[in-house]
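So the chains spell out like this:
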Amino acid sequence: MPPASAKNGAEPLGFHSAVEGQPTAESLGEALLGSLLDRAHVMPPRLVGPLVAQEIHAVGGSEIAIFLQDYDQVHLQPLEGDGLVGERVLIDGSLAGRAFATDTPVEEQLPDGSVRIYLPMLDGSDRIGVLSLRLPGVNDVDRRLAQRLAGLVADLIVTKSGYTDTFAQTRTAQPMSVAAQLLRRALPPLTMTNPDVELAGALEPAYRVGGDSFDYAMNDHVLHFGVFDAMGHGLEAAAVATVVIAAYRHGRHIGLELPELYAAMDQVVAEAFPDRFATAQIGRLDTERGELTWINAGHPAPLWVRDGKVIGELTGTVTRPVGFGGAVAGVMSVRLEPGDRLLVFTDGVIEERLEGGEQFGESRLHQILEQIGAQRLPAAETVRRLSHALMAARYGHTSDDASLLLIEYKGAPRDDELAIDIPEASPTGHGNRQR
């Protein structure tokens with residue numbers, strides 16, 4: 001006969017713990033996360049923030065703030081709503097910004113003995129923002145629950161963003177052009193991390209980008225990627241860029257090899273925009289072998305980085321941009337070592353004219369990349385800082401779009417990828433503590 005606790009619902013009847021000695025009754029953490037999930041399903045987007053605040057208040061938290069990164073990744077913008085607090089803060093120089101930049105919780109010890117925790121909100125590895133809350137005190141159990149809560153809030157925001165402008169409006173720190181709006185909708189997440197490979201991209205100017213774009217997909221053990229620069233500026237260039245992305249994705253989805261994929265993109269652009277073209281860099285990284293293959297259709301040569309130093313450029317045959325029609329693509333390949341990084345960029349990064357007419361140039365790009373690379377930062381933070389450093393070095397000049405895509409090969413996949421004790425993003429329960 002089942003125990004009385006199973007009869008009255010205090011314990012599950014069919015489910016049981018896979019860990020010996022672990023209780024199966026609903027814990028405070030399960031109650032909090034479960035209630036948030038249950039209520040969020042039909043909650044309108046405008047009430048997601050207040051719902052989170054309400055649930056955290058119910059279990060002893062206070063001063064709850066939800067910060068979302070703005071599109072140029074300079075500020076964290078507070079989500080507004082009942083029960084939420086917070087003011088706009090710079091990512092650089094703030095505790096919330098430190099949590100965002102390091103993907104690590106940050107704790108602030110307050111004079112009355114309570115603790116304010118800043119938790120990075122990650123949807124997978126995509127950086128959504130920061131959840132901040134105050135607790136009377138914290139231990140490792142609190143830290144673990146808080147990190148899981150931040151992850152759930154990130155997932156809710158991403159899911160609801162598919163059919164609301166609420167969160168996009170919070171992220172928008174300045175007016176955005178129609179062209180930039182069009183391209184933003186076509187982009188994948190700016191960051192992606194798994195045990196085999198890490199990737200991050202950036203487009204500048206964030207609110208006025210016109211023709212630059214990128215795309216990627218991780219299929220089985222192969223990373224597919226493309227960086228594109230459509231001819232011209234503004235809405236016409238953005239229209240070409242979105243068609244290029246669509247043609248690239250279509251060819252990738254149906255399994256075309258790189259030469260055939262290039263030819264299909266070339267044909268689509270030539271037929272849709274007879275008087276226009278786009279440069280492209282398309283490639284594949286086989287993470288089992290570390291083999292990188294690529295086609296360069298009119299881009300600057302990508303930079304090969306090892307241990308924070310530029311060790312070379314991926315040179316070779318340069319194929320004509322897509323849209324001229326009829327070209328045969330040259331395919332290059334190279335073998336990467338674990339830890340190697342590849343920086344793919346568009347010509348707007350190096351061809352900007354500085355005061356006096358001098359080009360920004362590749363040597364300056366190498367220097368700045370190595371300065372930031374020496375800090376051994378994750379790909380997402382490396383790209384964010386690199387983008388801002390390049391903008392500052394160009395004195396804010398952006399006469400052309402400038403795009404960056406940084407790819408890090410972390411090593412061949414493990415045989416035990418599903419082992420429960422090796423999830424790369426497993427919460428440690430420990431963060432950087434600000435005393």
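Above: the structure in question.
Keep in mind that this is a model prediction, so the values were computed, not measured.

### Re the sheet that holds strand β9 (residues 212-219)
Read from one edge of the open sheet, five strands run β9-β10-β11-β12-β15, paired in antiparallel fashion. Here the strands that pair on one side only, and so sit at the sheet edges, are β9 and β15 (332-335). Strand after strand, the sheet turns through a mean of 15° between neighbouring axes, direction not considered. Where strand β11 (residues 278-286) lies against strand β12 (residues 291-297), seven bridges are found, and the strand directions are antiparallel. Within β12, the residue paired with Arg 284 across the bridge is Thr 293. Contacting β9, β10 (222-230) and β11, helix α8 (residues 234-253) crosses the sheet at an angle of about 160° to β10.

### Some remarks on the pairing of strand β4 (residues 106-109)
Sheet analysis places β4 next to strand β5 (residues 115-123), joined by four bridges and oriented antiparallel. Paired with Val 106 across the two strands is Tyr 118, which belongs to β5. Joining the antiparallel neighbours β4 and β5 is a turn of five residues, in which Gly 113 adopts a positive phi near 95°.

### Quick word on the sheet that holds strand β16 (residues 341-345)
Here six strands make up an open sheet; going across it, the order is β7-β8-β17-β16-β13-β14 and the pairing antiparallel. Either end of the sheet is taken by a strand with one partner, and the two such strands are β7 (191-193) and β14 (309-313). The mean angle between the axes of side-by-side strands here comes to 20°, regardless of whether they run parallel or antiparallel. Pairing between β16 and strand β17 (residues 402-409): five bridges, direction antiparallel. Residue pairing in the sheet places Phe 345 in a bridge with Leu 404 of β17. Each of β7, β8 (197-204), β16 and β17 touches helix α11 (residues 379-393); the most contacted strand, β8, lies at about 25° to it.

### A look at the nonpolar core
Met 265, Ile 282, Leu 292 and Ile 407 are the most contacted members of the largest nonpolar core, which totals 57 residues. Here this core gets eight residues from one element, more than from any other, and that element is α8. Setting aside anything within four residues of it in sequence, one finds Ile 407 in contact with Val 197, Glu 198, Leu 199, Leu 223, Phe 225, Leu 285, Asp 340, Arg 341 and Leu 342. Leu 36, Val 115, Leu 145 and Leu 149 belong to the second largest nonpolar core, which has 33 residues in total.

### So, the packing of aromatic side chains
By the definition in use, this model includes three aromatic pairs. Seen in terms of ring centroids, Phe 277 and Phe 324 are 5.1 Å apart; in terms of plane orientation they differ by 25°. Their pairing is stacked. Here the residue Phe 277 occupies a position in the loop between α9 (258-272) and β11, and Phe 324 occupies one in the loop between β14 and β15, the gap between them amounting to 47 residues. Taking relative accessible area as the criterion, Phe 324 reaches 47% and is therefore assigned partly exposed. A cation over an aromatic ring shows up here: Arg 171 above the ring of Tyr 71, its NZ or CZ 4.1 Å from the ring centre.

### Some thoughts on the environment of Glu 87
Mapped onto the fold, Glu 87 is located in the loop between β2 (75-78) and β3 (89-90). Put simply, Glu 87 and Gln 77 are ten residues apart on the chain and 7.1 Å apart in space, counted from C-alpha to C-alpha. Beyond its immediate chain neighbours, meaning those up to four positions away, Glu 87 contacts Phe 67, Leu 76 and Pro 78.

### Examining unusual backbone geometry
Residue Glu 204 is joined to Pro 205 through a cis peptide bond whose omega torsion reads -5°. Within the secondary structure, Pro 205 is located in the loop between β8 and β9. Look at Asp 307: it is not a glycine, yet its phi comes out positive at around 55°. Assignment of secondary structure puts Asp 307 in the loop between β13 (303-306) and β14. In this structure Asp 307 comes out as exposed when scored by relative accessible area, which is 57%.

### So, the packing of α8 against α9
Following both chains from N to C, one finds α8 and α9 inclined at 145°, their axes separated by 9 Å at the closest point. At the point where α8 passes α9, the crossing takes the right-handed sense. Facing Val 243, Val 244, Ala 247, Tyr 248, Gly 251 and Arg 252 of α8, the residues of α9 in contact are Leu 261, Met 265, Val 268 and Val 269. Split into classes, the residues belonging to the contact of α8 with α9 amount to eight nonpolar, one polar and one charged.

### Considering the pattern of salt bridges
For the structure shown, the criterion picks out 23 salt bridges. The partner of Asp 112 in a salt bridge is Arg 134, with the nearest N and O atoms 2.7 Å apart. Highlighted residues: Asp 112 in the loop between β4 and β5 and Arg 134 in strand β6 (residues 126-135), separated in sequence by 22 residues. Where Arg 276 meets Glu 236, a salt bridge forms, and the shortest distance between an N and an O atom there is 2.3 Å. With a gap of 40 residues between them, Arg 276 in the loop between α9 and β11 and Glu 236 in helix α8 connect regions that are remote in the sequence. For Arg 276, a relative accessible area of 16% gives the class buried. Residues participating in the shared-partner salt-bridge network are Asp 92, Asp 103, Arg 127, Glu 381, Arg 384 and Arg 385.

### Some details on helix α2 (residues 28-40)
With 13 residues, α2 should cover 18 Å at 1.5 Å per step; its first-to-last C-alpha distance of 18 Å lies within 8% of that length. Three or more residues of α2 are buried, namely Gly 29, Leu 32, Leu 33, Leu 36 and Ala 40. Taken end-on, α2 shows its buried residues confined to a sector of 85°, consistent with a single buried face.

What counts as what
- Residues numbered from 1 in each chain as written.
- Predicted model: local features only at pLDDT ≥ 70, side-chain atom pairs only at ≥ 80, totals over all residues.
- Heavy atoms only, no water.
- Pairing = 2+ DSSP bridges.
- Helix = DSSP H or I, 4+ residues; strand = E, 2+ residues; numbered from the N terminus.
- Axes fitted to C-alpha atoms, helices over the stretch in contact; angles between N-to-C directions.
- Contact = heavy atoms within 4.5 Å.
- Core = buried A, V, L, I, M, F, W, Y, C linked by side-chain atoms within 4.5 Å.
- Buried < 20%, exposed > 50% of the residue type's maximum accessible area, 1.4 Å probe, protein only.
- Phe/Tyr/Trp six-rings, centres within 6.5 Å; stacked < 30°, edge-to-face > 60°.
- Lys NZ or Arg CZ within 6 Å of the ring centre and 35° of its normal.
- Left-handed = near helix turned anticlockwise from the far one by under 90°.
- Nonpolar A, V, L, I, M, F, W, Y, C, P; charged D, E, K, R; others polar.
- Salt bridge = Lys/Arg side-chain N within 4 Å of Asp/Glu carboxyl O.
- Expected span 1.5 Å × (residues − 1).
- Arc of directions from axis to C-beta.

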